[in-house]
Amino acid sequence: MTSLTLNRVIANLTVALFCGLFIANVYRLSFKGSSYSASYVQSLVAFALITTIIIMVIGNNLARAFGLVGSMSIIRFRMAIKDTKDIVFIFFTLAIGMSSGVGLYAISIAGTLFISIVILILSAMDFASQHKNEYLLNFSYNSEDIENAPYLSVLNKYCKRFGLRNVRSIEEIDMYEISYTITLKKPDSVRYLVRSLEEIDGVSNVSFFFDEV
């Protein structure tokens, strides 16, 4: 790599900055977890810029490369990555920072746009999600006839499929606590299912959860 001028340094950092901001916004739009971290999103932008600086410092100097690797090996990272997608975005910003650092702006911009579009499309499609509309249904039933219980017809009406997950007997009050894993025919039929179950004699304490297993 040729000697860097101030204009070239500013240009490399500017491209890395805009690409990093774009990547950070893609992460925000595609995030579906429960523990969103603003500091992590901000770190993605900074990581792209820092990587760009490191690449410019190394240049074609092999001694600098080994020196930087040695000095950075002292650092100990304690952050726990909770989602594989977070690691993907770290490598994403790393790659863009590297290409910006060597002045390959076309690769930086085109790579940012193309990969971001792919991530957003996969997120919007909920690609590879195996259990859409799958829930855990719990309720109490005070009859011993579970195999021919009237609530089975309700499950057949609203569920595409259902499987008995757990049955627990409460001897003190002669009642069963029953759990089903169900997949609804229509996502908006939850309230109708719950209402129909509650109208059945012997059924009580109906509860409904997303199945995370």
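So, here's what we can say about the structure. The structure displayed is predicted, hence computed values, not measured ones.

## Overview of the overall build of the protein chain
Then, number 1: Within the protein chain, the regular secondary structure consists of seven helices and four strands.
Then, number 2: Reading the secondary structure of the protein chain in the N-to-C direction produces α-α-α-α-α-β-α-β-β-α-β.
Then, number 3: Taking all 213 residues of the protein chain together, the buried fraction comes to 34%.
Then, number 4: Long-range pairs, those at least 24 residues apart, make up 71% of the contacts in the protein chain with a sequence separation of at least 6.
Then, number 5: Here the protein chain has roughly 13700 Å² of accessible surface; of this, 61% comes from carbon and sulfur atoms.

## Looking at helix 1 (residues 6-30)
Then, number 1: The terminal C-alpha atoms of helix 1 lie 36 Å apart, and with 25 residues this matches the ideal 36 Å at 1.5 Å per residue to within 8%.
Then, number 2: Within the span of helix 1, buried status applies to Asn-12, Val-15, Ala-16, Cys-19, Gly-20, Ile-23, Ala-24, Val-26, Tyr-27 and Ser-30.
Then, number 3: On its buried face, helix 1 sits against helix 2 (38-58), helix 4 (84-101) and helix 5 (105-125).

## With respect to the nonpolar core
Then, number 1: By size, the foremost hydrophobic cluster in this structure holds 23 residues, and its most contacted members are Phe-139, Tyr-151, Tyr-180, Leu-193 and Leu-197.
Then, number 2: Taken together, the elements giving at least two residues each to this core come down to strand 1 (134-141), helix 6 (151-158), strand 3 (175-184), helix 7 (190-198) and strand 4 (203-210).
Then, number 3: Non-local contacts of Tyr-151, meaning those with residues more than four positions away in its chain, are made with Phe-139, Tyr-141, Ile-146, Ile-178, Tyr-180, Leu-197, Ile-200 and Val-203.
Then, number 4: Formed by 14 residues, the second largest nonpolar core is a distinct cluster that contains Val-15, Ala-24, Val-41 and Leu-44.

## Let's talk about the side chain of Ser-123
Then, number 1: With respect to the helices and strands, Ser-123 occurs in helix 5.
Then, number 2: When neighbours within four sequence positions are excluded, Ser-123 is seen to be in contact with Ser-30, Lys-32 and Lys-85.

## Observations concerning the environment of Tyr-141
Then, number 1: Inspection of the secondary structure assignment puts Tyr-141 in strand 1.
Then, number 2: Taking relative accessible area as the criterion, Tyr-141 reaches 5% and is therefore assigned buried.
Then, number 3: Each C-alpha atom of the pair Tyr-141 and Asp-174 lies 9.1 Å from the other, and the pair is 33 residues apart in sequence.
Then, number 4: Setting aside its immediate chain neighbours within four residues, Tyr-141 contacts Ala-149, Pro-150, Tyr-151, Met-175, Tyr-176, Ile-178, Asp-201, Gly-202 and Val-203.

## So, unusual backbone geometry
Then, number 1: With a phi close to 55°, Asn-205 is a non-glycine residue in the positive phi region.
Then, number 2: Locating Asn-205 in the fold gives a position in strand 4.

Conventions used here
Residues numbered from 1 in each chain as written. Predicted model: local features only at pLDDT ≥ 70, side-chain atom pairs only at ≥ 80, totals over all residues. Heavy atoms only, no water. Helix = DSSP H or I, 4+ residues; strand = E, 2+ residues; numbered from the N terminus. Buried < 20%, exposed > 50% of the residue type's maximum accessible area, 1.4 Å probe, protein only. Contact = heavy atoms within 4.5 Å. Areas by Shrake-Rupley, 256 points an atom, 1.4 Å probe, with all protein chains shown as cover. Expected span 1.5 Å × (residues − 1). Core = buried A, V, L, I, M, F, W, Y, C linked by side-chain atoms within 4.5 Å.

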